[in-house]
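Descriptive analysis of the structure
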Amino acid sequence: MNFAVLQFPASNCDQDAVHALRDVLGHSARYLWHKETSLGDADAVIAPGGFSYGDYLRCGAIARFSPVMQAVQQFAADGGLVLGICNGFQVLCEAGLLSGALIRNRSLQFRCEHVYLKTLTTDSPFTNRIPEGKLLKIPIAHGEGCYFADDETLNKLKANNQILWQYCNANGEVTEQANPNGSLWNIAGICNERRNVAGLMPHPERACEAILGSADGRLIFESLIHALKSKTMPKAA
Amino acid sequence: MKAKIIITPKKAVVDPQGKAVQNALEHMGYSGINAVHVGKYLEIELNGADRETARKRLDEACHKFLSNPVIEDYKLEIE
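Structure report, in brief. (Residues numbered from 1 in each chain as written. Chains lettered and ligands numbered in written order. Predicted model: local features only at pLDDT ≥ 70, side-chain atom pairs only at ≥ 80, totals over all residues.)

A short note on the overall build of chain B
Of regular secondary structure, chain B possesses two helices and three strands. Ordered by position from the N terminus, the helices and strands of chain B form the series β-α-β-α-β. In terms of overall size, chain B is more extended than a compact globule, its C-alpha atoms giving a radius of gyration of 16 Å where 79 residues would be expected to give roughly 12 Å. Seen along its three principal axes, the alpha-carbon backbone of chain B occupies a region of about 50 × 25 × 15 Å. The burial tally for chain B puts 15% of its 79 residues in the buried class. In chain B, the share of contacts with a sequence separation of at least 24, taken over all contacts with a separation of at least 6, comes to 65%. (Helix = DSSP H or I, 4+ residues; strand = E, 2+ residues; numbered from the N terminus. Rg over C-alpha atoms; globule rule 2.2 N^0.38 Å. Buried ≥ 20, exposed ≤ 12 C-beta atoms within 10 Å, placed from the backbone. Contact = placed C-beta atoms within 7 Å.)

What follows is the structure, encoded as structure tokens:
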């Protein structure tokens, strides 16, 4: 598969994403600079973590208007798979590709630690290879990861099974204590209604090898690869 | 001509920054504070002369880019 990993000024998890996809999972992955207007022959797009445009104005607010994002909007509208990680999640929310927003952590602390994630549905291209009941141990590293949406949006996310991951403890219980940033409903990641665009604050690309403390992140990328292989997904123009 | 834009968090959005500032003020002995909301202030210098056109265009920019309507409200003044 051909992955395009977006690069904005001050993206800093782009290399981790390419390493995970290329060196660990054995697929083709290339960087795509924010000034590019075409995704080339990409099968899927990863919007990586970092501090795009210095997080100026709001996290993701400036990146969302970059030329490459116009191509990503079109790709998503055509049904292409897009995964936003951390700052990438913030960019996708700002772009309106995902609902809600990520705001300052309730504790005001930058949180950098491993968390546990409960997967709420395997019915998505991002979760289909995650075994039932398997908790994912994946690191977070963010200061603005508190998921916020109004009640109507939250209810819609729930009704459509768009909440993919929730923060939980080591026993799989979704508790206030296991919530690292104050996210509503402990939401760690969601997808859009069409289920081809997803975002999450934790970093699966930093958890793809046992030497890093967990290889659970692989399951998310393997889900994506499985979805791409099993269906004819639209290629980027 | 100058535009002044004040962006504040929506009432329904938890504002931990505002809460931290409020706590600090209380620790310093400033009493009688119900709530603090921390937002952003932007000044935009304009070289056109038509206030109404400027207002219309900046209102659109506020909605599209300068504020995020999911979490923020804004006030726009042109002087």
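Describing helix H2 (residues 51–66) of chain B
Residues and elements named next belong to chain B. When the terminal C-alpha atoms of H2 are compared, their 19 Å separation across 16 residues is substantially less than the 22 Å that a helix rising 1.5 Å per residue should span. Along H2, the residues that are buried comprise Leu58, Cys62 and Leu66. Buried residues in H2, looked at end-on, bunch into an arc of 50°, giving them a common side. Looking at H2, the residues exposed on the side facing more than 90 degrees away from the buried face are Glu52, Thr53, Lys56, Glu60 and Lys64. (Expected span 1.5 Å × (residues − 1). Arc of directions from axis to C-beta.)

Quick notes on the nonpolar core
Of all hydrophobic cores here, the largest spans 81 residues; its most connected members are Val45, Val82 and Leu92 of chain A. Here Leu92 of chain A is in contact with Ala47, Val82, Gly84, Leu97, Leu98, Val197 and Gly199 of chain A, once residues within four sequence places are set aside. Membership of the second largest hydrophobic core comes to seven residues, among which are Ile5, Ile7, Leu58 and Leu66 of chain B. (Core = buried A, V, L, I, M, F, W, Y, C linked by C-beta atoms within 7 Å.)

With respect to unusual backbone geometry
All names here are of chain A. Positive phi outside glycine occurs at Tyr53, with the angle close to 50°. With respect to the helices and strands, Tyr53 occurs in the loop between strand E3 (44–47) and helix H2 (67–77). The phi dihedral of Cys86 is positive, around 55°, even though this residue is not glycine. Along the chain, the position of Cys86 falls in the loop between strand E4 (81–85) and helix H3 (87–94).

Topic: the pairing of strand E7 (residues 136–142) of chain A
Residues and elements named next belong to chain A. Of the two faces of E7, the one lined by Leu136, Ile138, Ile140 and His142 is fully buried and the one lined by Lys137, Pro139 and Ala141 carries no buried residue. Bridge analysis of strand E6 (residues 111–119) against E7 gives seven bridges, and the strand direction is antiparallel. Within E7, the position partnered with Val115 by the bridge is Ile138. (Pairing = 2+ DSSP bridges.)

A short note on the sheet that holds strand E10 (residues 187–191) of chain A
Residue and element names in this part refer to chain A. Taken in spatial order, the nine strands make up an open sheet running E2-E1-E3-E4-E11-E10-E9-E6-E7, and their pairing is mixed. The sheet is open, and its two borders are formed by strand E2 (28–33) and E7, each paired with just one other strand. Going from strand to strand, the sheet's axes swing by 25° on average, the running direction of each strand aside. Sheet analysis places strand E1 (residues 2–7) next to E2, joined by six bridges and oriented parallel. Paired with Phe3 across the strands is Ala29, a residue of E2. (Axes fitted to C-alpha atoms, helices over the stretch in contact; angles between N-to-C directions.)

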